[in-house]
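Observations on the three-dimensional arrangement
This is what each chain is made of:
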Amino acid sequence: MTTPVVGVLALQGDVREHLVALAASDAVARPVRRPEELAEIDGLVIPGGESTTISKLAHLFGLMEPLRARVRDGLPVYGTCAGLIMLADKILDPRSGQETIGGIDMIVRRNAFGRQNESFEAAVDVRGVEGEPVEGVFIRAPWVESVGAEVEVLAEYEGHIVAVRQGDALATSFHPELTGDHRIHALFVDMVRARGASGSL
């Protein structure tokens, strides 16, 4: 697989910015709103936004069960901020009726770094990303309270886990799509490409 097709869940959040970052990382980038579009991609980005709203919209658009099925089947997936929450197997403080897709054996805390007016940027060293630290944009960001044995911690900030990987699932508390630095998107596209190569053997 030389040019993977990577979708961006286009229900809420920084969809356009993720599409730009993926295209800059040598992927064919497509918005995904319907189950038939989900079936046509090699990897998926779940952007930030409001995790409860994304959960409700995924049900409304008939996407929640297909998303869960494809992630269980090994679809490479990358979640940022609310996307990280959506990939958690457990939320520490869920809102009523809030559901996740799951896929990463972690417990997360919503809005852990504070509310909207407490948003900030910080340099973050991310394992697997070469060069200088990544500039992390934290907007009502969650953090990861704990992880299972199969989860690799890629980054921490002030003692809190802010980036993880489990198999073909990647998640960050922060928004790399807002900085113009596409290295994390390139890492994910490489994950998608590697999954496609192993799947075709």
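Thresholds applied
- Residues numbered from 1 in each chain as written.
- Predicted model: local features only at pLDDT ≥ 70, side-chain atom pairs only at ≥ 80, totals over all residues.
- Heavy atoms only, no water.
- Helix = DSSP H or I, 4+ residues; strand = E, 2+ residues; numbered from the N terminus.
- Rg over C-alpha atoms; globule rule 2.2 N^0.38 Å.
- Buried < 20%, exposed > 50% of the residue type's maximum accessible area, 1.4 Å probe, protein only.
- Contact = heavy atoms within 4.5 Å.
- Areas by Shrake-Rupley, 256 points an atom, 1.4 Å probe, with all protein chains shown as cover.
- Lys, Arg positive; Asp, Glu negative; His and termini not counted.
- Charge placed at Lys NZ, Arg CZ, Asp CG, Glu CD.
- UniProt positions renumbered as here; feature names shortened; annotations may be inferred.

When helices and strands are tallied, the protein chain shows six helices and 12 strands. The C-alpha radius of gyration of the protein chain comes to 15 Å, within 12% of the 17 Å expected for a compact globule of 201 residues. Dimensions of the protein chain, computed from C-alpha atoms along their principal axes, come out at roughly 40 × 40 × 35 Å. Relative to its 201 residues, the protein chain shows a buried fraction of 52%. When contacts within the protein chain are restricted to residue pairs at least 6 apart in sequence, those whose partners lie at least 24 apart make up 65%. Accessible surface for the protein chain amounts to roughly 8,800 Å². Of this, 47% is attributable to carbon and sulfur atoms. Side-chain charges in the protein chain split into 19 positive and 29 negative, and the spacing between the mean points of these groups amounts to 6 Å.

With that settled, consider the UniProt feature "binding site: L-glutamine" (unreviewed entry) in the protein chain. Taking the UniProt record as the reference, the feature "binding site: L-glutamine" (unreviewed entry) is found at Gly49, Glu50, Ser51, Arg110, Ile139 and Arg140. Taken together, the annotated residues stretch across 92 residues yet fold into one region, lying no more than 12.8 Å apart by C-alpha. For Gly49, a relative accessible area of 41% gives the class partly exposed. Mapped onto the elements, Ser51 comes out in helix α3 (residues 51-60). When residues no more than four places from it in sequence are discounted, the contact partners of Ser51 are Ala82, Ile85, Met86, Gln98 and Arg110.

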